[in-house]
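Fold and geometry: a report
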Amino acid sequence: MTATVQLAAPPQEGALLPVYRRVPLEIARGEGVFVYDADGRAYLDFVSGIAVNVLGYGDDGIRAAIEGALSSGVIHASNLYHTTPARALADALTERSFASKVFFCNSGAEANEGAFKFARRWALGHRGPGKHEIIALRGSFHGRLFASLAATDRPSYRAPFRPLAGGVGIVERDLTALDIALDPETVAALIVEPVQGEGGVRVLDGEFLRALRDMTQQRGIALIFDEVQCGLGRTGYLFAYERYGIEPDLLTLAKPLGGGLPMGAVLLNDEIAAAVRPGDHATTFGGGPLVASVALHVLERVSEPEFLAGVRDRGLWLGHELHAMAARTTKVRAVRGTGYMWGVDVTMPASDVVTAALEEGLLVCSAGEHTVRLLPPLIATRDELSQGLAILDRILS
Ligand SMILES: Cc1ncc(COP(=O)(O)O)c(C=O)c1O
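Notes on the structure in this doc start here. Bear in mind that the values here come from a model prediction, so they are computed numbers and not experimental data. Along every chain, residues carry numbers that run from 1 in the direction the sequence is written. Totals for whole chains, interfaces and linings use all residues, but because this is a predicted model, local features are given only for residues with pLDDT of at least 70 and pairs of side-chain atoms are given and counted only at 80 or more. Working from all heavy atoms in the structure, the side-chain values ignore hydrogens and water.

**Remarks on the site of the ligand**
If you check the shell around the ligand, you find 13 residues, and the closest are Gly 108, Ala 109, Asp 226, Gln 229 and Lys 255. N or O atoms within 3.5 Å of each other form a polar contact, as long as, within protein, one can give a hydrogen and the other can take it, and as long as residues adjacent in sequence are counted only when both atoms are side-chain atoms. With respect to the ligand, the side chain of Asp 226 contributes an N or O atom lying 2.7 Å from a nitrogen atom. In the environment of the ligand, an oxygen atom lies 3.1 Å from a nitrogen or oxygen atom belonging to the side chain of Lys 255. Compared with its free state, where it exposes 390 Å², the ligand has 81% of that area covered by protein. Every helix listed is a DSSP run of H or I at least four residues long, and every strand listed is a run of E at least two residues long, numbered separately from the N terminus. Counting residues per element, the shell around the ligand draws most heavily on helix α4 (residues 108-127), at three residues. Residues were grouped as follows: Ala, Val, Leu, Ile, Met, Phe, Trp, Tyr, Cys and Pro as nonpolar; Asp, Glu, Lys and Arg as charged; and all remaining residues, including Gly, as polar. A per-class count over the shell around the ligand returns three nonpolar, six polar and four charged. Nearness of a residue to a molecule or strand requires only that one of the residue's heavy atoms be within 4 Å of it. In this description, accessible areas are obtained by the Shrake-Rupley approach with a 1.4 Å probe, and a residue is regarded as covered only by the protein chains that are shown.

Right, dumping it as C-alpha cells:
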C-alpha cells in the first residue's frame, strides 16, 4: 500500500455520454475496504462509491440477501401489487424513526422530488395553492433533477439548465435571513442536510437546527431532512437527526440503503402522510422485492448499536488524527466532519490530491474545488483508517 503505483493508460469512455470527469481507474473487483484494478493493484477505498458501500465489498450478508431474494424468481413486481419485502422494509424504517409511512423510489434526487411533492400536497390542504415554496440552504446539494437542482446551490450545475423548477429558493444559513424567508403564507417546506456533503462537509450546528425546527413548527412549514448522504449510520447514528434531539416531518434516504442497488426512500410523519392520496405520486421500480430485501439487510446491520458505537468511536479518532495532521502542514486550511464523513480543505485544487492519492493506492473524492472528502466504508477498522491517513499525510506534508 505504500509504493507509488504506475497508473495504466486511462480507460476510454467509448459510447458512454461524457458527463463525468472520471479518475483514470477501472475497478475490476472489490473485497472488504479495497477495490482492485484489472492488473490486481489494490486501492484502499475512502469513497465507498460516494457514501454507498457502507458494508464494503464482497459482503457475505448482502450476497445472501440477494441470493435469498432471487430464489423467489420475482426481481420486480411493480407497485400495482403487494410484496412482502417492501412492507417489511417500510415497517423496519418506521419502527426505527419518527415516521409512520414510507415511499420507495430509486435515487436521492427522486426521494427529494417526492418529498417536495408530499410537502406541497400537505400544504395545499392546509392553506391552499399559495403555500407552495420550497426553501433550501446555501451550500446545499439535493440532486440533479429539475426541482432538486433548483434546491441545489451550485451555480455551474444550474446555469446551463435554466429555467429551473419554479417555487424553489436558496437562502443563507443564517437565522435572520431564514426568519424573513420562511413566510408561513407561501412556504410549504424547508429542506436541510444536517451534514452538508457535496457543499464541503459542513456539520450544521445543533442550535441552528433546533431553531429551524422551532421556526418551521410554529409557522406550519414542513421540515425535510435530506439524509441521502449523512443518514444510515455515516455519522455514527442511524439517522443524523437523532444526535440533535429533534425530528423532521419528512426525511429522504438513498445512497447506502440498497447495499449498492439503486434505491431511495421518503419517510413521512403521520400528518403529512395523511394528506397524500392514491395517485398523487408513483414510480415503476420503487421498493421492488430484490432491492427491498437487500435494503432490509443493510438497515438491520447498520442499526446494530455496536456497529453505530464503532463508527462513532473510530470516527472521533479519525477526526482527531485529521486535525493533528492539519496542525503539521501548511497545506491544510481546515478540517470538518463527523463519524465517517470528513472534509479537508487544502490549499491546492482538491483534484490534485485525488490524483496523488490514487497514485499511492488510496481513493478519495472532492466536495468543491478545495475540499478533499473522505467517506470510508463504515466497516473500515482503525488500522485501515490509519493506512489511508498515512497516505494523505505523505501527500499533504
Ligand atoms: C445530500 C444529497 N442529496 C441528494 C443527492 C442526490 O442523490 P442521487 O445522486 O442518488 O440522485 C445526493 C448525492 O450526492 C446527496 O449527497
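**Considering the packing of helix α11 (residues 305-328) against helix α13 (residues 382-396)**
Think of two packed helices as two axes; the pair is described by the angle between the axes and how far apart they sit. To get an axis, a line is fitted to the C-alpha atoms, and for a helix only the part in contact is used. The angle between two axes follows their N-to-C directions and goes from 0 to 180 degrees. It is the contact of α11 with α13, at a shortest axis distance of 11 Å, that shows an interaxial angle of 15°. Viewed along their axes, α11 and α13 adopt a mutual orientation that is roughly parallel. Here the hand of the crossing between α11 and α13 comes out right-handed. Contacts from Arg 314, Trp 317, Leu 318, Glu 321, Leu 322, Met 325 and Arg 328 of α11 reach α13 at Arg 382, Leu 385, Ser 386, Leu 389, Leu 392, Asp 393 and Leu 396. If an angle is under 35 degrees, it is roughly parallel; if it is over 145, roughly antiparallel; if it lies from 65 to 115, roughly perpendicular; otherwise it is oblique. Helix crossings are classified by the rotation of the near helix relative to the far one: an anticlockwise turn of less than a right angle makes the crossing left-handed, while a clockwise turn makes it right-handed. Contact definition: two residues touch when any of their heavy atoms are within 4.5 Å.

**A closer look at a nonpolar patch on the surface**
Residues enter patches when they are more than 30% accessible in relative terms and free of salt bridges; like-charged ones are connected within 9 Å and nonpolar ones (Val, Leu, Ile, Met, Phe, Trp, Tyr) within 5 Å. The working definition used for a salt bridge is a side-chain nitrogen of Lys or Arg within 4 Å of a carboxyl oxygen of Asp or Glu. On the surface, Leu 17, Val 19 and Tyr 20 cluster together to form a nonpolar patch covering roughly 370 Å² of accessible area. A simple rule labels every residue: compare its accessible area, found with a 1.4 Å probe on the protein chains alone, to the largest value its type can have, and call it buried under 20%, exposed over 50%, or partly exposed in between. Residue Leu 17 is classed as exposed on the basis of its relative accessible area, which comes to 63%.

**Digging into the sheet that holds strand β7 (residues 187-192)**
Pairing in this open sheet of seven strands is mixed, and the strands run β4-β12-β11-β10-β7-β5-β6 from one edge to the other. With partners counted over all chains shown, the strands left at the sheet margins are β4 (101-105) and β6 (168-171), one partner each. Strand-to-strand twist of the sheet, defined as the mean angle between neighbouring strand axes without regard to direction, takes the value 20°. Pairing geometry for strand β5 (residues 133-137) and β6, over four bridges, is parallel. Looking at the pairing, Ile 134 lines up with Val 168 of β6. Note: two strands are recorded as paired if DSSP finds a minimum of 2 bridges between them.

**Side note on the sheet that holds strand β3 (residues 42-45)**
Pairing within the open sheet is mixed, and its four strands lie in the order β1-β2-β3-β15. Each edge of the open sheet is held by one strand with a lone partner, namely β1 (27-31) and β15 (362-363).

**Here's the deal with helix α10 (residues 289-303)**
Note that an α-helix has 3.6 residues per turn; residues three or four places apart therefore point the same way. The span expected for a helix works out to 1.5 Å for each residue beyond the first. For α10, spanning 15 residues, the distance from its first C-alpha to its last is 21 Å, which sits close to the expected 21 Å at 1.5 Å a residue. The element α10 is extensively covered by neighbouring structure, given that twelve of its 15 residues are classed as buried. Listed in full, the buried residues belonging to α10 are Pro 289, Leu 290, Val 291, Ala 292, Val 294, Ala 295, Leu 296, His 297, Val 298, Leu 299, Val 302 and Ser 303. In this structure, the buried side of α10 is in contact with α2 (60-70), α3 (84-95) and α11.

**Quick notes on the pattern of salt bridges**
On inspection of all chains with the given rule, the structure shows 16 salt bridges. The salt bridge involving Arg 127 is made with Glu 185; its shortest N-O contact spans 3.8 Å. With Arg 127 in helix α4 and Glu 185 in the loop between α7 (175-181) and β7, the pair connects residues that are 58 residues apart, well separated along the chain. Where Arg 219 meets Asp 179, a salt bridge forms, and the shortest distance between an N and an O atom there is 2.2 Å. One end of the pair, Arg 219, is in helix α8 (residues 206-219); the other, Asp 179, is in helix α7, with 40 residues separating them in the sequence. Of the residues examined, Arg 219 reaches a relative accessible area of 18% and is grouped as buried. Note on Asp 179: relative accessible area 40%, which makes it partly exposed. Three or more residues are tied together by salt bridges with common partners; here these are Asp 37, Asp 39 and Arg 41.

**Some details on the side chain of Arg 158**
By secondary structure assignment, the location of Arg 158 is in helix α6 (residues 155-158). By the counting rule applied here, Lys and Arg register as positive and Asp and Glu as negative, while His and the ends of each chain are not counted. We note that Arg 158 is buried and unpaired, the nearest opposite charge coming from Asp 153 at a distance of 5.9 Å. Among the polar contacts listed, one links the side chain of Arg 158 to the backbone oxygen of Ala 150, at a separation of 2.8 Å. Within the local environment of Arg 158, its side chain forms a polar contact with the backbone oxygen of Thr 152, the two atoms lying 2.9 Å apart. Discounting chain neighbours no more than four positions away, the residues touching Arg 158 are Leu 149, Ala 150, Ala 151, Thr 152, Leu 164 and Ile 170.

**Brief notes about the nonpolar core**
Among the nonpolar cores identified, the biggest contains 87 residues, and Leu 190, Leu 267, Leu 322 and Leu 396 are the most heavily contacted of them. Counting residues per element, this core draws most heavily on α10, which supplies nine residues. Residue ranges assigned to the domains are those given by an automatic or database domain assignment. When residues are assigned to domains, this core turns out to be shared by domain 1 (27-59 + 306-396) and domain 2 (72-303), each giving three or more. Those residues within four positions of Leu 190 in sequence are excluded, and the remaining contacts are Ile 135, Leu 137, Leu 178, Leu 182, Leu 212, Thr 216, Ile 221, Ala 222, Leu 223 and Ile 224. Within this scheme, the nonpolar core is defined by two criteria: the residues are buried Ala, Val, Leu, Ile, Met, Phe, Trp, Tyr or Cys, and they are joined through side-chain atoms within 4.5 Å.

**Digging into the environment of Ser 78**
Structurally, Ser 78 is set in the loop between α2 and α3. Considering only alpha carbons, one finds Ser 78 and Gly 288, 210 residues apart in sequence, at a separation of 6.8 Å. There is a polar contact of 3.1 Å between the side chain of Ser 78 and the backbone nitrogen of Leu 80.

**A look at unusual backbone geometry**
Cis geometry marks the peptide bond from Arg 162 to Pro 163, where omega comes out at 0°. Structurally, Pro 163 can be placed in the loop between α6 and β6. You will see that Ile 50, though not glycine, has its phi angle at about 60°, which is positive. Relative to the elements of secondary structure, Ile 50 occurs in helix α1 (residues 48-51). The class for Ile 50 is partly exposed, based on a relative accessible area of 36%. With phi around 55°, Val 201 is a residue other than glycine that occupies positive phi space. Along the polypeptide, Val 201 turns up in the loop between β8 (195-196) and β9 (202-203).

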